[in-house]
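# Per-entry structural report
For reference, the chains in residue letters:
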Amino acid sequence: MKVYKFGGASIKDARGIRNLAQIVTKTNDVILVVVSAIGKTTNALEGVAELHHAIMDDLNLNSYNRLYDAIVSQGELMSTRIVSEYLSSQGIDNVWLDARQILVSDDTYRAANIDMVKTGQNIRKAIQSHPSRLYIIQGFIAGTQDGQPTTLGREGSDYSAAIFANLLDAESVTIWKDVPGILTADPRKQSDATLIKELNYEDAAVLAASGAQIIHSKTIAPLAEKRIPLYVKPFLNLDVDGSVIHASAPKLNIPVAWKK
């Protein structure tokens, strides 16, 4: 089992979804494909939620965070349905899974905490019940035991992928990005940003905490616990090795300039 994660930029249009299909069919491995909302969908849905927030404030209602998660989670549900249906239309068998019914969380809306034991039972049961080579599931979203949708915080799809990898004892996680890998700085701000080919979990955690947008800060711990390597590769150039985070990588000894 491998875990692939595709962010919003990698599936922002039909070309991106066709490219996803090419990537997942280049291997015979069993793959859990974790998908974010398309493009800037989450931002747009946040605008919808914010409109309702103003009304709720006037009505002295305090359930905005719950409403936010119910609205914003729709982005991942739509994108994964599209991905799954496109794959099926191309004769690529796959199983669509609903993360709200698998990732069990508390009711800390917008920053949910995951029950790893119950989630592990759910994801293993879902895969055993529906044998396939490809599984399509949402990142970023989860659900409480009584069925309320929750989210893991912005950019939380990487974290979702790491949770699934940990619970399934995955061989590896690959995050497909619009950059050549993990860089020493934001290439939009520094033209001399260079590729970091490998780094260990400790350095990766520091880099994520410093503001590097390549990796969500919560992603590293679940992978380090099981010593699962994390690859970051460009989704438009499959021949590029990208970067890898793994246990035996040497300590990072080059300057980095990521800032929050």
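Preceding this paragraph is the structure being described.
All of the points below concern the structure found in this document. (Residues numbered from 1 in each chain as written. Predicted model: local features only at pLDDT ≥ 70, side-chain atom pairs only at ≥ 80, totals over all residues. Heavy atoms only, no water.)

### Concerning the packing of helix α5 (residues 116–129) against helix α6 (residues 157–168)
It is the contact of α5 with α6, at a shortest axis distance of 10 Å, that shows an interaxial angle of 75°. Judged on the interaxial angle alone, α6 and α5 are roughly perpendicular. Note on element contacts: α6 touches α5 through Ile-163, Phe-164, Asn-166, Leu-167 and Leu-168, opposite Met-116, Thr-119, Gly-120, Ile-123, Arg-124 and Ile-127. Looking at side-chain class alone, the contact of α5 with α6 contains seven nonpolar, three polar and one charged residues. (Axes fitted to C-alpha atoms, helices over the stretch in contact; angles between N-to-C directions. Helix = DSSP H or I, 4+ residues; strand = E, 2+ residues; numbered from the N terminus. Parallel < 35°, antiparallel > 145°, perpendicular 65-115°, else oblique. Contact = heavy atoms within 4.5 Å. Nonpolar A, V, L, I, M, F, W, Y, C, P; charged D, E, K, R; others polar.)

### Focus: helix α4 (residues 74–89)
Between the first and last C-alpha of α4 there are 22 Å, a value that for 16 residues agrees with the 22 Å anticipated at 1.5 Å per step. Every buried residue of α4 is listed here: Gly-75, Glu-76, Leu-77, Ser-79, Thr-80, Val-83, Ser-84 and Leu-87. Downstream of α4 by a residue or two, Gly-91 has a phi angle that is positive, lying close to 75°. (Expected span 1.5 Å × (residues − 1). Buried < 20%, exposed > 50% of the residue type's maximum accessible area, 1.4 Å probe, protein only.)

### Some details on the packing of aromatic side chains
Counted by the stated rule, this structure contains four aromatic pairs. Among the aromatic side chains, those forming a connected cluster through ring pairs are Tyr-4, Phe-6 and Trp-176. The positively charged end of Lys-233 is found above the aromatic ring belonging to Tyr-231, 5.4 Å away from the centroid. (Phe/Tyr/Trp six-rings, centres within 6.5 Å; stacked < 30°, edge-to-face > 60°. Lys NZ or Arg CZ within 6 Å of the ring centre and 35° of its normal.)

### What about helix α3 (residues 64–72)?
Side chains of residues three or four places apart in an α-helix project in the same direction, reflecting 3.6 residues per turn. Those residues of α3 lying buried are Tyr-64, Tyr-68, Asp-69, Ile-71 and Val-72. Take α3 and look down its axis: the buried residues cluster within an arc of 165°, on one side only. Buried-residue contacts for α3 involve α2 (41–58), α4 and β6 (149–151). (Arc of directions from axis to C-beta.)

### With respect to the pairing of strand β2 (residues 31–35)
The buried fraction of β2 amounts to five of the five residues, a majority that puts the element mostly inside the structure. Judged by which residues are buried, β2 turns out to be covered on both faces: Ile-31, Val-33 and Val-35 on one side and Leu-32 and Val-34 on the other are all buried. Strand direction decides the pairing type here: strand β1 (residues 2–6) and β2, joined by five bridges, are parallel. Paired with Tyr-4 across the two strands is Val-33, which belongs to β2. Running through helix α1 (residues 14–24), the crossover from β1 to the neighbouring parallel element β2 is right-handed. Where β2 lies against strand β4 (residues 134–138), five bridges are found, and the strand directions are parallel. Looking across to β4, one finds that Leu-32 is bridged to Tyr-135. (Pairing = 2+ DSSP bridges. Right-handed = clockwise from strand over helix to strand, strands pointing away.)

### What about unusual backbone geometry?
Non-glycine residue Asp-169 carries a positive phi angle of around 50°. Within the fold, Asp-169 resides in the loop between α6 and β7 (172–177). On the accessibility criterion, Asp-169 (54% relative accessible area) is exposed.

### A short note on the pattern of salt bridges
For side chains of opposite charge, pairing can occur when their charged atoms come near one another. Under the criterion given, the structure shown has eight salt bridges. Residue Glu-155 is joined to Arg-154 by a salt bridge in which the shortest nitrogen-to-oxygen separation is 3.9 Å. Note on Glu-155: relative accessible area 58%, which makes it exposed. (Salt bridge = Lys/Arg side-chain N within 4 Å of Asp/Glu carboxyl O.)

### Considerations on the sheet that holds strand β10 (residues 198–199)
Taken in spatial order, the eight strands line up as β3-β4-β2-β1-β7-β11-β12-β10 in an open sheet, and their pairing is mixed. Two strands close off the open sheet at either side, each with one partner strand: β3 (95–96) and β10. Together, β2, β3 and β4 form the strand contacts of α4, whose direction differs from that of β4 by roughly 160°.

### Let's talk about the environment of Ile-254
Along the chain, Ile-254 turns up in the segment after β12 (243–245). Separated by 60 residues in sequence, Ile-254 and Thr-194 have C-alpha atoms that sit 10.0 Å apart. The residues contacting Ile-254, other than those within four sequence positions of it, are Thr-184 and Ile-196.

That's the geometry; what it means functionally is another story.
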